[in-house]
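Examining the three-dimensional arrangement
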2 protein chains.
Amino acid sequence: MRADAARNREAVLQAAGLLFDSADDPAAVSMDDVAAAAGVGKGTLFRRFGDRAGLIRALYELRAERMAEESEAEGGGDGAADDPVDALVRAMDALLRFKIENRALSRALESLGGGSPYTNAAYGHWHGRVTALIAEARGPEAADFLAHALLAAVRSDLVDHLADWPDARLKAGVEELVRSVCGRGA
Amino acid sequence: MRADAARNREAVLQAAGLLFDSADDPAAVSMDDVAAAAGVGKGTLFRRFGDRAGLIRALYELRAERMAEESEAEGGGDGAADDPVDALVRAMDALLRFKIENRALSRALESLGGGSPYTNAAYGHWHGRVTALIAEARGPEAADFLAHALLAAVRSDLVDHLADWPDARLKAGVEELVRSVCGRGA
DNA sequence: ACGTTAAACGGACCGATGGTCCGAATCGTA
DNA sequence: TACGATTCGGACCATCGGTCCGTTTAACGT
């Protein structure tokens, strides 16, 4: 990849990140806006990312990677010998925090049309992980659907709708949900 | 309301219903399409329903009402002396069926942008009902959030994503989820 | 250094869509 | 039937995602 291409790619990602982060409604961030903020022509933008969905996906995956690194780094000991329910609670909590910290971007991703929340590498990853933990905790019976249900409970527009709840209440709700689903609450 | 206005309103609702029902992607149904199919000018369409969201909401509420009537009618005896968990299972099952039968329309409603799935009379109604049943079944602790979570599990795009599952599997999954959340599985 | 070439640039341009406007047509009423 | 209020309808507008192509520029061989 040519040097200017790489430079522009970075500029676009950074500009788009700022725009989405400071937007209430992700739909209000137009491709023209992104191009202008990045100091780049529209042609460049679309050649690099294909379309709006591609840009949003790229940005989302960038942040997801960053989160994965962070949580891995702070995971420290990692104590693999751990209750799957606790592991699931921690995973869901991390996901919830991610959704809160990336409200607008997550909403942008989930509202792309065409079942996009599910046609997504990150979703597949999470669903696999949650399914495995549920299967471990309560058997594989309906683990597949239950995993979808858990993930649906932290969908960004729901989190957004509950934006005036204190974070702790949301977190407690999610934990309660996870423990209930895993077979034995408290 | 003038007679022609009422007639046109009906024509629009019926045409829009047909169009959404036969569409795979609700976004592919344009306001022009609706106006043309209803044999009405665009001005009429927008004056009556305000905007696209208004039309979709009107249509959705129409169907929701129809479903409410039907389920009430067939509810028959109504046996109020009933386990709240069973009642909740039945309610969620009805909602799931509604989402399946109105796939495109539900998706249209849920993908309006601006937290629209939640800014909706029907959602408030369902959430209240589910919250009450959960509170009755397992206490009012996190009932509010758990109700949101249950409703999220039957969101139309998830149902759509799982379209190739047999209906029975979906139904079983929802029932399993409800019973788990209500405190005691099986 | 310099010329060559393939790649990237950028913004004018396009088609579609949601939404507006206003002269024409129509309904209800006296 | 005549008249005023209401509604109709489609031409019109702004915006947005996406394309196109003449121009620029980075990379590399000589």
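Here the structure is a predicted model, which is why all the values come from computation and not from measurement. (Residues numbered from 1 in each chain as written. Chains lettered and ligands numbered in written order. Predicted model: local features only at pLDDT ≥ 70, side-chain atom pairs only at ≥ 80, totals over all residues. Heavy atoms only, no water.)

**A few points about the pattern of salt bridges**
Tallied over the full model, the rule gives 30 salt bridges over all chains. Between R107 of chain A and D160 of chain A there is a salt bridge, with the nearest N and O atoms lying 2.8 Å from each other. Note that R107 of chain A is positioned in helix α6 (residues 103-110) and D160 of chain A in helix α9 (residues 156-161), a separation of 53 residues in sequence. Accessibility classification places R107 of chain A together with D160 of chain A in one group, the buried group. Among the ionic pairs, R63 of chain B bridges to D21 of chain B, the shortest N-O distance being 3.0 Å. Of the two residues, R63 of chain B is situated in helix α4 (residues 52-75) and D21 of chain B in helix α1 (residues 3-21); the sequence distance between them amounts to 42 residues. (Salt bridge = Lys/Arg side-chain N within 4 Å of Asp/Glu carboxyl O. Helix = DSSP H or I, 4+ residues; strand = E, 2+ residues; numbered from the N terminus. Buried < 20%, exposed > 50% of the residue type's maximum accessible area, 1.4 Å probe, protein only.)

**A look at the packing of helix α1 (residues 3-21) of chain A against helix α3 (residues 42-49) of chain A**
Residues and elements named next belong to chain A. It is at 11 Å that the axes of α1 and α3 come closest, and there the two elements cross at 95°. Between α1 and α3, the interaxial angle falls into the category roughly perpendicular. Residue-level contacts link A5, N8, R9, V12 and L13 of α1 to T44, L45, R48 and F49 of α3. Partitioning the contact of α1 with α3 into residue classes produces 5 nonpolar, 2 polar and 2 charged. (Axes fitted to C-alpha atoms, helices over the stretch in contact; angles between N-to-C directions. Parallel < 35°, antiparallel > 145°, perpendicular 65-115°, else oblique. Contact = heavy atoms within 4.5 Å. Nonpolar A, V, L, I, M, F, W, Y, C, P; charged D, E, K, R; others polar.)

**Things to note about the protein's contact with DNA strand C**
Taken together, 21 residues surround DNA strand C, and among them R2, N8, G43 and R47 of chain A together with K42 of chain B come closest. In the interface set of DNA strand C, defined as its atoms within 4 Å of the protein, sugar plus phosphate atoms amount to 57%. T44 of chain A places a polar side-chain atom, nitrogen or oxygen, 3.3 Å from a phosphate oxygen of DNA strand C. At 2.9 Å, a backbone N or O of R52 of chain B approaches a phosphate oxygen of DNA strand C. Of all the elements in the fold, those that place two or more residues in the surface near DNA strand C are α1 and α3 of chain A together with α1 and α3 (42-49) of chain B. Considering every element that reaches the surface near DNA strand C, the biggest residue donor is α3 of chain A, with 5 residues. (Near = heavy atom within 4 Å. Polar contact = N/O pair within 3.5 Å; in protein donor to acceptor, adjacent residues only side chain to side chain.)

**Quick notes on the packing of aromatic side chains**
Residues and elements named next belong to chain A. A complete count under the given rule lists 6 aromatic pairs over all chains for this structure. Aromatic side chains Y60 and F98 sit 5.6 Å apart centroid to centroid with 90° between the ring planes, which places their arrangement in the edge-to-face category. Of the two residues, Y60 is situated in helix α4 (residues 52-75) and F98 in helix α5 (residues 84-101); the sequence distance between them amounts to 38 residues. Exposure class is identical for Y60 and F98. Each is buried. In this structure, R169 is placed above the aromatic ring of W165, and the distance from its NZ or CZ to the ring centre is 3.5 Å. (Phe/Tyr/Trp six-rings, centres within 6.5 Å; stacked < 30°, edge-to-face > 60°. Lys NZ or Arg CZ within 6 Å of the ring centre and 35° of its normal.)

**Comments concerning the UniProt feature "domain: HTH tetR-type" (unreviewed entry) in chain A**
UniProt's entry tags residues 6-67 of chain A with the feature "domain: HTH tetR-type" (unreviewed entry), counted in the numbering of this structure. Taken end to end, residues 6-67 of chain A is 77% helix and 0% strand, and its first and last C-alpha atoms sit 23 Å apart. (UniProt positions renumbered as here; feature names shortened; annotations may be inferred.)

**A look at a negative patch on the surface**
Residues and elements named next belong to chain A. A surface patch of like charges, here negative, comprises E61, E65, E69, E70, E72, E74 and E101. For the negative patch, the leading source of residues is α4, giving 6 residues. Relative to the assigned elements, E101 resides in helix α5. (Patch = residues over 30% accessible without salt bridge, like charges linked within 9 Å, V, L, I, M, F, W, Y side chains within 5 Å. Areas by Shrake-Rupley, 256 points an atom, 1.4 Å probe, with all protein chains shown as cover. Lys, Arg positive; Asp, Glu negative; His and termini not counted. Charge placed at Lys NZ, Arg CZ, Asp CG, Glu CD.)

**Considerations on the domain arrangement of chain A**
All names here are of chain A. According to the domain assignment, chain A consists of domain 1 (1-50) and domain 2 (61-181). Counting residues at the interface gives 8 residues for domain 1, matched by 7 residues for domain 2. Each partner contributes to the roughly 580 Å² buried at the junction of domain 1 and domain 2, and carbon and sulfur atoms together form 55% of this total. For the domain 1 face of the interface with domain 2, the top three residues by lost area are F20, D21 and P26, together amounting to 63%. (Domains from an automatic or database assignment. Buried area = accessible area lost by both parts, 1.4 Å probe.)

**Details of the UniProt feature "DNA-binding region" (unreviewed entry) in chain A**
UniProt marks residues 30-49 of chain A with the feature "DNA-binding region" (unreviewed entry), using the numbering shown here. Taken end to end, residues 30-49 of chain A has its terminal C-alpha atoms 14 Å apart, with 80% of it in helix and 0% in strand.

**Structural notes on α1 of chain A**
Taking 1.5 Å per residue as the helical rise, α1 of chain A with its 19 residues ought to reach 27 Å, and the 27 Å between its terminal C-alpha atoms agrees with that figure. Its buried side turned inward, α1 of chain A meets α2 (31-38), α3, α4 and α6 of chain A. (Expected span 1.5 Å × (residues − 1).)

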